[in-house]
Amino acid sequence: MPPKVQQKSKEQKMAAAMAGGKGKKKKWSKGKQRDKVDNKVLFTKEQFDRLNSEVPKMKLITVSAVVEKLKVSGGLARRALNQLAEDGVIRAVCVSRAQRIYTRSIAEDEAE
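Model, not experiment: these values are computed from the prediction.

(A) The arrangement of helix H3 (residues 63-70) in detail. For H3, the set of buried residues is Val63, Val66, Val67 and Leu70. Seen end-on, H3 carries its buried residues on one side only, within an arc spanning 100 degrees. Where H3 is buried, its residues contact helix H2 (45-54), strand S1 (61-62), helix H4 (74-87) and strand S3 (100-104). Positive backbone phi, approximately 60 degrees, marks lysine 71, located one or two places after H3.

(B) Up close: the sheet that holds S1. Strand order across the open sheet formed by 3 strands is S1-S3-S2, with antiparallel pairing between neighbours. A strand with exactly one partner marks an edge of an open sheet, and here the two such strands are S1 and strand S2 (90-95). Sheet topology note: the S2/S3 ladder contains 5 bridges and is antiparallel. What sits directly across from valine 95, in S3, is arginine 100. Its contacts with the sheet put H4 on S1, S2 and S3, and the angle it makes with S3 is roughly 45 degrees.

How each quantity is defined
- Residues numbered from 1 in each chain as written.
- Predicted model: local features only at pLDDT ≥ 70, side-chain atom pairs only at ≥ 80, totals over all residues.
- Heavy atoms only, no water.
- Buried < 20%, exposed > 50% of the residue type's maximum accessible area, 1.4 Å probe, protein only.
- Helix = DSSP H or I, 4+ residues; strand = E, 2+ residues; numbered from the N terminus.
- Arc of directions from axis to C-beta.
- Contact = heavy atoms within 4.5 Å.
- Pairing = 2+ DSSP bridges.
- Axes fitted to C-alpha atoms, helices over the stretch in contact; angles between N-to-C directions.

See the structure below:
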C-alpha cells in the first residue's frame, strides 16, 4: 500500500485554484457563411416571359430548378409551376409533400 499523502488545507486548495488561471479563452470559428441570395418575390416582365418560354422546354422541372434559373423565391416558383400545370403546358410526374417533379407536356412534343 502506498504511503498516505498529506491532505492540503482548504486555504491551500483555494490558492491553488485561483493561481491556476484559465489561459487563453477559446475562440470559436464563425463557421461557413452562405452567400445571401436576393431572390425576387414578384415576376418582372422579362422573368415572366422566360418562365413561359424556357420552363416548358426543360426535361426535368422542379421548384429548385426554376428558382436557380429565374432567381425568384420558392413560393413564387411553386405557384408558377402549379399555374403552368393547370394550363397543360407542363405535366406532373410526382407530386409529394416534399418535392414536386414536372416534365414537359408530351402532347406538345407530338404536335411539333
